Amino acid sequence: MKLTFLGTRGEIEARTRRHRMHTSLLVSHRGADVMIDCGLDWLGKFERLNPCAIVLTHAHPDHAWGLKDGAPCPVHAPQKTWQTLQGCRVEDRRVIKERMPAKICGITFEAFPVEHSILAPAVGYRVSAGRSRIFYAPDLIFIRDRAAALKGVQIYIGDGATLTRSFIRKRGKHLIGHAPVRTQLTWCAREGVPRAIITHCGSEIVSGDERKILARIHAMAAERGVETSIACDGMKLILR
């Protein structure tokens, strides 16, 4: 399985050469390419990607509004995402059932509900192909069945909105926002995930001194025994 980080920028104004495009991951296996998320930055840019399918985590603009003019391939998403996705002319809409593994272009996706937003309910994906297995959740506060989601996972790819500061707010009985990187690394340590990659980078990473930021992350990661790095646009990784 090959991973290409097409974009790594969250829904922020700041952008750099390393973090220019809205967060998106291309998962490739045996000649098939599946794109996870397609934010507004990707509107009109499908010609150079040509994925065989697109999978959505949720309906926020930086994850789904690149589909406003439609898509050149089937688009897969949970029913709650389709219900909240407005103004996108997607003709071939396919439903992914939560906690039901689905094979898409030869790659298996299992959607796990995550807490993130009231208006745009989100999921993370356990993605498997051959002997490779990752968990991808670019926007979350917590995973509802974390042990099952991360069991046997080689790499956790998570939310870089904030390093240690709480970015969680309460709306009535619901929590919204983003878990800090530090918290996500603790999950990985507890569930035996050996490696984490941070994407969906917020202003702290994008506008800051990334070398100093990375040093802080490495210190947190070392305490937990989890190899950790920050993704950048165009980064590629091959899992065997």
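Structure first, text after, so check above.
Criteria and thresholds
What you see as residue numbers is a count from 1 along each chain, following the sequence as written. Reporting in this predicted model follows two pLDDT cut-offs: at least 70 for local features of residues, and 80 or more for side-chain atom pairs to be given and counted; totals over whole chains, interfaces and linings ignore these cut-offs and use all residues. The side-chain quantities take in all heavy atoms of the structure and omit both hydrogens and water. In this description a helix means any DSSP run of H or I spanning at least four residues, a strand means any run of E spanning at least two, and both kinds are numbered starting from the N terminus. The reference for a compact globule is 2.2 Å times residues^0.38; the radius of gyration itself is calculated from the C-alpha atoms. Contacts: residue pairs with any heavy atoms within 4.5 Å of one another. What makes a nonpolar core is a set of buried Ala, Val, Leu, Ile, Met, Phe, Trp, Tyr and Cys residues whose side-chain atoms join them at distances within 4.5 Å. Here's how the labels work: a residue is buried when its accessible area is under 20% of the maximum for its type, exposed when over 50%, partly exposed in between, all with a 1.4 Å probe on protein chains only. Disulfides are defined as cysteine sulfur pairs within 2.5 Å. Arc definition: directions from the helix axis to the C-beta atoms. A pair of strands counts as paired when DSSP detects no fewer than two bridges linking them. Here an angle of 0 to 180 degrees is reported between the N-to-C directions of two axes, which are lines fitted to C-alpha atoms, with helices fitted over the stretch in contact. The term salt bridge refers to a pairing of a side-chain nitrogen on Lys or Arg with a carboxyl oxygen on Asp or Glu at a separation within 4 Å.

Asks: Help me out: how do you make sense of the overall build of the chain in this one?
Replies: Check the secondary structure of the chain and you find six helices and 17 strands. What you see for the chain is a C-alpha radius of gyration of 16 Å, in line with the 18 Å of a compact globule of 240 residues. If you line up the chain on its principal axes, its C-alpha atoms span 45 × 40 × 35 Å. Taking the contacts inside the chain whose residues are at least 6 apart along the sequence as the reference set, 54% of them involve residues at least 24 apart.

Asks: I'm lost on the nonpolar core in this one. Help?
Replies: Nonpolar side chains in soluble globular proteins generally cluster together in the buried interior. Core analysis: the biggest nonpolar cluster contains 30 residues, and Phe 135, Ile 143 and Tyr 156 have the highest contact counts within it. When residues of this core are traced back to their parent elements, those giving at least two are strand E8 (107-115), helix H3 (146-150), helix H4 (181-191), strand E15 (195-199), helix H5 (203-206) and helix H6 (210-224). Beyond its immediate sequence surroundings of up to four residues, Ile 143 is in contact with Phe 112, Pro 113, Val 114, Phe 135, Ala 149, Leu 150, Tyr 156 and Trp 187. With 26 residues, the next largest nonpolar core counts Leu 3, Ile 107, Ala 129 and Ala 231 among its residues.

Asks: Quick question: what am I supposed to make of the state of the cysteines here?
Replies: Put plainly, two cysteines are in a disulfide when a covalent bond ties their sulfur atoms together. According to the stated counting rule, one finds one disulfide in the structure shown. The disulfide bridge from Cys 52 ends at Cys 105, spanning 2.4 Å between sulfur atoms. Residue Cys 52 is located in the loop between strand E3 (32-36) and strand E4 (53-55), and its partner Cys 105 is located in the loop between strand E7 (102-104) and E8; the two are separated by 53 residues in the primary sequence. Look at Cys 52 and you get partly exposed, because its relative accessible area is 28%. Unpaired in terms of disulfides, Cys 88 finds its nearest cysteine sulfur in Cys 38, a separation of 8.7 Å.

Asks: I would appreciate a short explanation of H4 in the present structure.
Replies: Residue pairs spaced three or four apart in an α-helix point in one direction, given the helix's 3.6 residues per turn. The complete set of buried residues in H4 reads Val 181, Gln 184, Leu 185, Trp 187 and Cys 188. Buried residues along H4 cover an arc of 150° about the axis, so they all sit on one side. In this fold, the buried residues of H4 make contact with strand E11 (142-143), H3, strand E12 (155-159), E15, H6 and strand E16 (227-230). Following H4 by one or two positions, Gly 192 adopts a phi angle in the positive range, close to 75°.

Asks: Can you help me understand the sheet that holds strand E2 (residues 24-29) in this one?
Replies: Whenever strands of a sheet pair, they do so through backbone hydrogen bonds, lying parallel or antiparallel. Pairing in this open sheet of seven strands is mixed, and the strands run E6-E5-E4-E3-E2-E1-E17 from one edge to the other. The open sheet has two free edges, formed respectively by strand E6 (93-95) and strand E17 (236-238), since each of these has just one partner strand. Across the sheet, the mean angle separating the axes of adjacent strands is 25° when strand polarity is ignored. Two elements, E3 and E4, share three bridges in a ladder whose sense is parallel. Its bridge partner being in E4, Val 34 is matched across the sheet by Ala 53.

Asks: Even after reading the chapter, I still don't get the pattern of salt bridges, so can you show me in this structure?
Replies: As a working rule, side chains carrying opposite charge can pair if their charged atoms are close by. Overall, the coordinates contain 13 salt bridges when judged by the stated rule. Between Arg 18 and Glu 210 there is a salt bridge; the shortest N-O distance is 2.9 Å. Of the two residues, Arg 18 sits in the loop between strand E1 (2-7) and E2 while Glu 210 sits in helix H6, which places them 192 residues apart along the sequence. Looking at Arg 18, the relative accessible area reads 34%, which means it is partly exposed. Its relative accessible area of 17% is what places Glu 210 among the buried residues. The partner of Arg 146 in a salt bridge is Glu 191, with the nearest N and O atoms 3.1 Å apart. With a gap of 45 residues between them, Arg 146 in helix H3 and Glu 191 in helix H4 connect regions that are remote in the sequence.

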